[in-house]
Amino acid sequence: MSPLSLRCADSVLTVSPFGAQALSWTSKGADRLWLSQTADLSGRLPIRGGVPLCFPWFGKKPDGPSHGFARTEHWQVVEQVESGKQALLTLELSDSERTRAVWPHRFRARMQFVLRADQLAMALTITNTDHHAWSFTGALHGYFATEVAGLNLPELAGLPHIDKLAKSESLFDDGPGAPLPPIPVDAIVPGLTTLRLPQGASWLHLENRGHDATVVWNPGPNPGIGDLHPGGEAQFLCLESAWVLEPKVLKPGESHTLGQRLTVTG
Ligand code: TA6
C-alpha cells in the first residue's frame, strides 16, 4: 500500500497505512525520524524505523507477535485535511477475525497525526468496544535521527529505571561526561515526560502524554538485527511514549490516549 503524504508549509510527513506508521517527517530541512535502509516495506512484516505502534501489548509474548499486531495491520484512513496552519491525518483500526484469533477482544484504535511547520503531534486512542473490560500495554515506538556517539541527555541523569538488558532496577549515571544513555540501552523509565534530543544543529523536543513510562532503546554495535542496515544503529535513538508498567484496564466504552508531541527548534 502506498504511503500517504501530509504537508504543512515545508514540513512533510509520510505515513504508511500498513501499521499507521510514520516513516519520515521532514521539518526545517531534515528528516527527524530514522528509517532503516533495509526496512521491509512489503506490507507483510514490521517496518524497522519511523514510529511503529505497539498494541495491544508491548514487547515479547510467547503466543503472539512481538509488540502486538497494530504495526502489521492495514489501517483505514478516516480523515485527511490540509489547511493553512496545520494538516491532519487520522487512521483507524478495529478488531477483526484475525485480531480476535490472537487477542479475543473488540476494540477501536484511532491514530491521529497533526502536522505543523515545526511540530508533529501524534495520538493513539484506544477504545473498548466490547461488553467486558480488558487491558492492554502499548507504545509509540519512535526511532529518532541522532548521532548516538557522545550522546548526553541530561534529563536522564540519576533517573531510576528498569534495565531490561540487566533484568534489574537501576539508576542512570549522573556524573559529568558519562554517556547518557549508555549504549546499548533498553530501559523503561517511569514517569519521564519531556526530553530534548540533538539533531545536527537543531533540537527535537519530545513531550509524552497518557504514558506511564518512557522507553529508551538502542541495540548498540553488532545488533544482529536482520532489517537494520550496517551502521544504522549509530544513527537513531528510540524514545517511546509507553504504557508498560501495569496493564491499562478499559471498561466497555472507555478510551485511553497515548500521545507524543515533537517540536523542532534551532
Ligand atoms: O522498545 C524496546 C524494545 O522492546 C527492545 O526490547 C527491542 O527488542 C525493540 O523494542 C525492538 O523490537 P522489535 O520487535 O521491533 O525488533
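Residues numbered from 1 in each chain as written. Predicted model: local features only at pLDDT ≥ 70, side-chain atom pairs only at ≥ 80, totals over all residues. Heavy atoms only, no water.

Chemist: Can you tell me about the pairing of strand 8 (residues 107–115), naming the residues and giving the values?
Modeler: Bridge count between strand 7 (residues 87–94) and strand 8: 8 bridges; the pairing is antiparallel. Looking at strand 8, one finds that Ala87 is bridged to Leu115. As judged from the 9 bridges shared by strand 8 and strand 9 (residues 119–128), these two strands associate in the antiparallel manner. By the bridge assignment for strand 9, Arg108 is matched with Thr127. Counting the residues that bridge the hairpin from strand 8 to strand 9 gives 3 residues. (Pairing = 2+ DSSP bridges. Helix = DSSP H or I, 4+ residues; strand = E, 2+ residues; numbered from the N terminus.)

Chemist: Any details on the packing of aromatic side chains? Residues and values, ideally.
Modeler: Inspection of the entire model under this criterion finds 15 aromatic pairs. Taking the centre distance of 5.0 Å and the plane angle of 50° together, the rings of Tyr143 and Phe236 count as tilted. One end of the pair, Tyr143, is in strand 11 (residues 143–145); the other, Phe236, is in strand 18 (residues 236–250), with 93 residues separating them in the sequence. For the cation-ring pair, Lys61 lies above Trp57, with the distance from its terminal atom to the ring centre recorded as 4.4 Å. Above the plane of the ring of Trp203 lies Arg196, whose end atom (NZ or CZ) is 3.6 Å from the centre. (Phe/Tyr/Trp six-rings, centres within 6.5 Å; stacked < 30°, edge-to-face > 60°. Lys NZ or Arg CZ within 6 Å of the ring centre and 35° of its normal.)

Chemist: Can you break down the sheet that holds strand 4 (residues 30–31) residue by residue, with the values?
Modeler: Overall, antiparallel pairing links the 4 strands, which are arranged 1-2-3-4 in an open sheet. The sheet is open, and its two edges are formed by strand 1 (4–8) and strand 4, each paired on a single side.

Chemist: So, the nonpolar core: which residues are in play, and what are the values?
Modeler: Leu13, Trp25, Trp75, Met111, Phe113, Leu197 and Leu262 are the most contacted members of the largest nonpolar core, which has 53 residues in total. The leading source of residues in this core is strand 8, at 5 residues. In contact with Trp75, other than residues within four places in its own chain, are Pro17, Gly19, Ala20, Leu53, Ala70, Leu91, Glu92, Leu93, Ala109, Arg110, Met111 and Leu124. (Core = buried A, V, L, I, M, F, W, Y, C linked by side-chain atoms within 4.5 Å. Buried < 20%, exposed > 50% of the residue type's maximum accessible area, 1.4 Å probe, protein only. Contact = heavy atoms within 4.5 Å.)

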